[in-house]
Amino acid sequence: LRSAPELVALAYWFRPAAIETLHQRYRQLAEHGLLRPRGVAFHIAPANVDAVFVYSWFLSLLCGNRNIVRLSKRENPHRLALLTLLGEVMARPEHADIAAANAVLAYARDDGITTELSARCHLRVVWGGDATVQHVRSLPLPPLATELVFANRNAWALLDAQTVLDASEDGLKQAASAFHNDAFWFGQQACSSPRAVLWIGSAAQVAAARARFWPALAAELARRGAQDEAAQLAARLVSAHQAAAEGAVTLAGALSDWPLRLMTDSFSPALRAQHCGYGLFHEIQRDSLDGSAALFVAEDQTIAYWGFAREALAAWACGLPDRAIDRIVPLGQALRFADRWD
């Protein structure tokens, strides 16, 4: 699995020590009562980030629920390797009870099947875009069932220009590596992968910091042997031209660059809607944190930051618009999952 860093991260998240930490936390919650499973959980997984289905499924399994997991028909080698491993483990005699209480299915979009499965669940978990969530929500649930949805979200990188300028060469390399892990795993398709970069500092500071940071990222991509793909380049070009048609962006560098960067004054609804991922970044500059709160909206989920004190971020977060931003994490931890999400 070394060729699939997202699966290595998945394995690390569910290592025995992490499960024991979860166990102790919820055991404390149960000291004055009894925690019981909800019942049957029906998980509808996203097609673009396959490994995500395991996180919600395993957490539900650890809670004692019985689970039905629906995967798309889209296949890839990493998913096949993962499902093969899971099948081998669940076939062991000591796991017969777990195997009997969990089903992983792949079927093409079929409202009849989804409605039948929904009628038998106590909890429906939907991962996907807004259109997927709206469509699945149109399919009935039992009156006492509940639903968790993970719809379209956006993420940001928040960088302090002076910190970039002051960083040692090793510090800059570490930051570039952390940014790569946040943005380039999953092809920048994950809900917590930064698509916009907010620079804090004067215009001159930001210009100098950008001139230092992006070459460091390019060196990191080269060090890892990362390869751009023709289809991803084409998608970036389409998104960039759509953004230019809005008249709201300035190209930084060349259209053939990877990553491709567009300077803008705000991450508008139009820019968000046409963002393709795959190494496309919108860059925004503000003189101070205080002047940036209006940039954020309810669909913004994660901020990965570098160069800010926790106290300053906490004070700033209190002034954000309603529902904007669920998670503020250090650079390199944007994709780190948690049992409480969104």
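Thresholds applied
Residues numbered from 1 in each chain as written. Predicted model: local features only at pLDDT ≥ 70, side-chain atom pairs only at ≥ 80, totals over all residues. Heavy atoms only, no water. Helix = DSSP H or I, 4+ residues; strand = E, 2+ residues; numbered from the N terminus. Rg over C-alpha atoms; globule rule 2.2 N^0.38 Å. Buried < 20%, exposed > 50% of the residue type's maximum accessible area, 1.4 Å probe, protein only. Areas by Shrake-Rupley, 256 points an atom, 1.4 Å probe, with all protein chains shown as cover. Lys, Arg positive; Asp, Glu negative; His and termini not counted. Charge placed at Lys NZ, Arg CZ, Asp CG, Glu CD. Pairing = 2+ DSSP bridges. Axes fitted to C-alpha atoms, helices over the stretch in contact; angles between N-to-C directions. Parallel < 35°, antiparallel > 145°, perpendicular 65-115°, else oblique. Left-handed = near helix turned anticlockwise from the far one by under 90°. Contact = heavy atoms within 4.5 Å. Nonpolar A, V, L, I, M, F, W, Y, C, P; charged D, E, K, R; others polar. Polar contact = N/O pair within 3.5 Å; in protein donor to acceptor, adjacent residues only side chain to side chain.

Draft legend 1. Just the overall build of the protein, in detail. The number of helices and strands found in the protein is 13 helices and 12 strands. The C-alpha radius of gyration computed for the protein amounts to 21 Å, which stays within 12% of the reference 20 Å derived for 342 residues, consistent with globular compactness. Within the protein, the proportion of its 342 residues that are buried is 44%. Total accessible area on the protein stands at roughly 17200 Å², and carbon and sulfur atoms take up 56% of it. Averaged over its 32 positive side-chain charges, the protein has a centre that lies 5 Å from the centre of its 34 negative ones.

Draft legend 2. Molecular detail of the pairing of strand β10 (residues 280-286). With 6 of 7 residues buried, β10 lies mostly within the body of the structure. Pairing analysis gives 5 bridges linking strand β7 (residues 194-200) to β10, with the strands arranged parallel. Each residue of the ladder has a partner; that of I200, found in β10, is R286. As defined by bridge partners, strand β9 (residues 260-264) adjoins β10 across 4 bridges and the pair is classed as parallel. When the sheet's bridge partners are listed, L262 is paired in β10 with H282.

Draft legend 3. Representation of the packing of helix α1 (residues 5-13) against helix α3 (residues 52-62) in the model. Closest axis-to-axis distance for the α1/α3 pair is 11 Å, and the angle between their directions is 15°. Relative to α3, α1 is oriented roughly parallel. Relative to α3, the crossing made by α1 is right-handed. Taking contact as the criterion, the partners of E6, A9, L10 and W13 in α1 are, on α3, V54, Y55 and L59. The residue makeup of the contact of α1 with α3, split by class, is 6 nonpolar, no polar and 1 charged.

Draft legend 4. Structural view of the environment of D326. Position of D326 relative to the elements: it lies in the loop between α13 (310-317) and β12 (327-330). Residue classification places D326 among the partly exposed positions, given a relative accessible area of 30%. Once the C-alpha coordinates of D326 and I19 are considered, the two residues, 307 residues apart in sequence, prove to be 23 Å apart. One polar contact links D326 to R323, side chain to side chain, over a distance of 2.8 Å.

In short, geometric facts, not functional conclusions.
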